[in-house]
Amino acid sequence: MIAHTYTLVHPGTGNLAFSVMDMDNMLPMETVQRQSHYSILLVTEGGGKLLSDFNEYDFSSNTLLCFAPYQPFLLRTGHCKGFVISFHPDFFCIHKHQHEVACNGVLFNNIYDPPFHVLDKPDVEKLLGIIHNMRQDLQEESLAQFELLVSYLKIFLITASRSKAKLIEQGSYVAQGPEEPFVLQKLKDAIETHFRQKHSAGEYAELLNITPKALARITKRHFNRTLTNMIADRIVIEAKRELYISAKPVKAIAYELGFPDEFHFSRFFKNKAAVSPQIYRTRVGFARG
């Protein structure tokens, strides 16, 4: 099979806006990737290992992997077939269109689930059909090309979000046992309510009336992550959202997220995202989309 990459370039900046690439054409990953755009990988054949957010997962065929801008990931694969969809937030902002596609917190920016899920055959066929239409429209410039590609992307994201929602409803991401799921749900609710003010694992243990050791053990067992990392990732997701969709000064965002000053926030953000808040805003967007 001949490998192809179909790309739409932003006319103002010359940077990537949207692209569809055969996975055969993807270069081997030797270092951790931190892209300034969204990346979606549909693996139709083959498999391998994924390193993401300091965790390691196995994946196989009929798997959809989704990564937000500057989310670290590394694929170690044998020979895989499939497609890679990339789009910049300026092409389509999932925050601005959350009510339309409902993929934020499902496909992207979910600190509780792995950044991938297995698709059933009907959903794979639906997504491949959409990709076929995307590739056809990208081959030559045509009337309302931008609008049509955005429509295809919306349908793709809605279909993918529904497929993952089905798994969640079936209990694929729910911890087992009579007591622990309740504790975990309370933890999720607590993080979503208090992440701007409470940054330490001990504060959440106190909120849930459980010992820090017991909460750490449950969190590690069910999420394969430390609670401290989960809290930090939730803060970073909100910081990225604010840096993209608002024109607030970095100092104001730092204060709203519970940091004593801009310096501490910038150091924290760069440690997690590998770029400063200012660079992230420049590369990913500034109150645009």
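Structure first, text after, so check above.
Residues numbered from 1 in each chain as written. Predicted model: local features only at pLDDT ≥ 70, side-chain atom pairs only at ≥ 80, totals over all residues. Heavy atoms only, no water.

Please provide a residue-by-residue account of the environment of V32, values included.
Take V32: it is sitting in the loop between β2 (16-22) and β3 (38-45). Classification of V32 by relative accessible area gives partly exposed; the value is 48%. Once the C-alpha coordinates of V32 and Q170 are considered, the two residues, 138 residues apart in sequence, prove to be 33 Å apart. Excluding its chain neighbours within four sequence positions, the residues that come into contact with V32 are P72, F73 and L74. (Helix = DSSP H or I, 4+ residues; strand = E, 2+ residues; numbered from the N terminus. Buried < 20%, exposed > 50% of the residue type's maximum accessible area, 1.4 Å probe, protein only. Contact = heavy atoms within 4.5 Å.)

Tell me what's going on with the side chain of N55, and back it up with residues and numbers.
Inspection of the secondary structure assignment puts N55 in strand β5 (residues 55-59). Residue N55 is classed as buried on the basis of its relative accessible area of 8%. A distance of 3.4 Å separates a polar atom in the side chain of N55 from a polar atom in the side chain of Y57. (Polar contact = N/O pair within 3.5 Å; in protein donor to acceptor, adjacent residues only side chain to side chain.)

A description of helix α6 (residues 212-223) should follow, citing residues and the corresponding values.
The end-to-end C-alpha distance of α6 is 16 Å, a good match for the 16 Å that 12 residues give at a rise of 1.5 Å each. Regarding α6, the residues found buried are A214, L215, I218, T219 and F223. Axial view of α6: buried residues confined to an arc of 130°, hence all on one face. Exposed residues pointing more than 90 degrees away from the buried face of α6 are listed as K213 and R217. Following α6 by one or two positions, N224 adopts a phi angle in the positive range, close to 55°. (Expected span 1.5 Å × (residues − 1). Arc of directions from axis to C-beta.)

So what about the environment of K49? Which residues, and what values?
Following the sequence through the fold, K49 ends up in strand β4 (residues 48-52). Sequence spacing of K49 and S151 is 102 residues, and the spatial spacing of their C-alpha atoms is 32 Å. Among residues more than four places away in sequence, those in contact with K49 are E56, Y57, D58, F59, L74, L75 and R76. Side chain to side chain, K49 and D58 meet in a polar contact 2.6 Å long.

Describe helix α2 (residues 121-138), with residues and values.
With 18 residues, α2 extends 26 Å between its outermost C-alpha atoms, agreeing within 8% with the 26 Å of an ideal straight helix rising 1.5 Å per residue. All of the buried residues along α2 are D123, V124, L127, I130, I131, M134, R135, D137 and L138. Projected onto a plane normal to the axis of α2, the buried residues spread over an arc of 165° and lie on a single side. The outward face of α2, more than 90 degrees from its buried face, is lined by the exposed residues K121, P122 and E125. At its buried positions, α2 is contacted by β1 (5-9), β2, β3, β8 (81-87) and α3 (145-169).

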